[in-house]
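Per-entry structural report
Residue strings, one per chain:
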Amino acid sequence: MTKDTSLRAVGWAQSFPISQGVRAGRHWTREHLASLDWTKDAPETVDAILLSVSELITNAHVHAHSDAQLVLTWDSRCLHVSVHDSDPLPPSQRPEDVTTTGGRGMAIIDALADGWATHPQATGKTVTACFVPPGAPKPRHSETIG
């Protein structure tokens, strides 16, 4: 008998125009997370995912002046949250400045996610963050964001 090495995954995708804002993205994400068994026992992880979705969509709308294409993918080890926008420049983490009211999005993602990466695309970039449910083994960084 050979070992089954196929990847089992489930995913959802939705575009969020600038006019819709981040609230629609959070609501859509919450609805899809509810279909994953592990989320009912992991409210802190769900909250981290929802905050990260808000930050990534905000970055697409505010900094890239772009619609945001949000893709959620669950591969039985990690929930991948990917947001594509039309700006080819990678996101940057700004130096900490307590006098500003913005510019902390990527620092928040860095603090909440188990890993994140930027992938250049022909029409912009995609930022992907990985969230591992509590109790699941933490994959090596190279396994979380491919």
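Now for a look at the structure at hand. Source: prediction; values computed, not measured. (Residues numbered from 1 in each chain as written. Predicted model: local features only at pLDDT ≥ 70, side-chain atom pairs only at ≥ 80, totals over all residues. Heavy atoms only, no water.)

Observations regarding the overall build of the protein
Of the regular secondary structure elements, the protein holds four helices and five strands. For the protein, the sequential pattern of α-helices and β-strands runs β-α-α-β-β-α-β-β-α. Residue burial in the protein is summarised as follows: out of 146 residues, 42% are buried. Carbon together with sulfur atoms contributes 54% to the accessible area of the protein, which is approximately 8,500 Å² in total. (Helix = DSSP H or I, 4+ residues; strand = E, 2+ residues; numbered from the N terminus. Buried < 20%, exposed > 50% of the residue type's maximum accessible area, 1.4 Å probe, protein only. Areas by Shrake-Rupley, 256 points an atom, 1.4 Å probe, with all protein chains shown as cover.)

Looking at the side chain of S52
For S52, the location among the structural elements is in helix α2 (residues 43–63). Not counting the four nearest positions on each side in its chain, S52 is found in contact with I109, L112 and F131. (Contact = heavy atoms within 4.5 Å.)

Some points on the sheet that holds strand β1 (residues 10–16)
Adjacent strands of a sheet form backbone hydrogen bonds with each other and so pair up, either parallel or antiparallel. The sheet built from five strands is open, its strands ordered β1-β2-β3-β5-β4 with antiparallel pairing. The sheet terminates laterally at β1 and β4 (115–121), the two strands that pair on one side only. For this sheet, the mean angle separating the axes of adjacent strands, direction not counted, is 15°. Across seven bridges, the pairing between β4 and strand β5 (residues 124–131) is antiparallel. Residue pairing for β5: P120 is matched across the bridge by K125. Lying over the sheet, helix α1 (residues 21–33) contacts β1, β2 (68–74) and β3 (79–85), oriented at roughly 165° with respect to β1. Its contacts with the sheet place α2 against β1, β2, β3 and β5, and it is angled at close to 10° to β3. (Pairing = 2+ DSSP bridges. Axes fitted to C-alpha atoms, helices over the stretch in contact; angles between N-to-C directions.)

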